[in-house]
Amino acid sequence: MTVHTVEIPEDNAVFGQTTSAFAGFGYSAAVRAHGLLFIAGTIGRRADGTIPDTIEEQTEIAIRKIEEILRLENLDLSALVDVTSYHVDIRQHLPGFIEAKQRLVEAPYPTWTIIGVSGLASPGLLVEIRATAAYPDSSR
């Protein structure tokens, strides 16, 4: 089995100084295996490391980071096949999350599981999104 780790360049404008988290926590941003791209949980931390107060901005940043990982692999959001998002205070923040998601993610939609949690890795984080994308089928 061939496994390819997606490396986010340290000077990447979308991720900024947050790329240090990959080495610091010992994980990869994404891994390609068996025609799929597995994208690690992505949060809405700005490139300068700060955390926005609103669910809308955190959602947009997290989705833009996923979009950037896909771009590095010559894919876009339409390649997503399965997404799971984790939400702090889900009842309070779900409307803002849905609003931001609807602005950024277009049909065809991936499957999407939404889970409420009591907290995420850093205080102030409201959402974390993990995703799986499929590479185009070369046999078609």
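Residue indices follow the written sequence of each chain, beginning from 1 at its first position. Thresholds applied to this predicted model are a pLDDT of at least 70 for local features of residues and 80 or more for the giving and counting of side-chain atom pairs; totals over whole chains, interfaces and linings are not thresholded and use all residues. Just so you know, side-chain values use all the structure's heavy atoms and leave hydrogens and water out.

As annotated in an unreviewed UniProt entry, the protein carries the name Endoribonuclease L-PSP and comes from Streptomyces violaceusniger. We quote the UniProt Sequence similarities (unreviewed entry) comment for the protein here in full: "Belongs to the RutC family." UniProt positions are given in the numbering used here, feature names are shortened, and annotations may be inferred rather than shown by experiment.

The set of buried Ala, Val, Leu, Ile, Met, Phe, Trp, Tyr and Cys residues whose side-chain atoms join them within 4.5 Å is what this entry labels a nonpolar core. Each residue is assigned to one of three classes by its accessible area relative to the maximum for its type, calculated with a 1.4 Å probe on protein chains only: buried under 20%, partly exposed between the two thresholds, exposed over 50%. One finds L37, I39, I66, I69, L70, L80 and I129 to be the most contacted residues of the largest nonpolar core, which totals 29 residues. Strands here are runs of E lasting at least two residues and helices are runs of H or I lasting at least four, both read from the DSSP assignment and numbered beginning at the N terminus. When residues of this core are traced back to their parent elements, those giving at least two are strand 3 (36-43), helix 2 (55-72), strand 4 (80-88), helix 3 (90-104) and strand 6 (127-134). If you tally residues by element for this core, the top one is helix 2, at six residues. In this structure L37 touches V6, A30, V31, R32, I69, L70, E73, L75, A131, T132, A133 and Y135, once residues within four positions along its chain are discounted. By definition, residues are in contact when any of their heavy atoms lie within 4.5 Å.

What counts as a salt bridge is simple: a side-chain nitrogen of Lys or Arg found within 4 Å of a carboxyl oxygen of Asp or Glu. Applying the stated rule across the entire model yields eight salt bridges. In this structure, R46 and E57 form a salt bridge, with 3.1 Å as the shortest nitrogen-oxygen distance. Taken together, the residues span a long stretch of sequence, with R46 in the loop between strand 3 and helix 2 and E57 in helix 2 at a distance of 11 residues. Note on R46: relative accessible area 28%, which makes it partly exposed. Judged by relative accessible area, which is 31%, E57 ranks as partly exposed. R130 is paired through a salt bridge with D82; the nearest N and O atoms lie 4.0 Å apart. In this pair, R130 is assigned in strand 6 and D82 in strand 4, connecting sequence segments 48 residues apart. Among the residues examined, R130 registers a relative accessible area of 24% and is labelled partly exposed. We classify D82 as partly exposed; its relative accessible area is 28%. Through salt bridges that share partners, E60, R64, E67, E99 and R103 make up one connected network.

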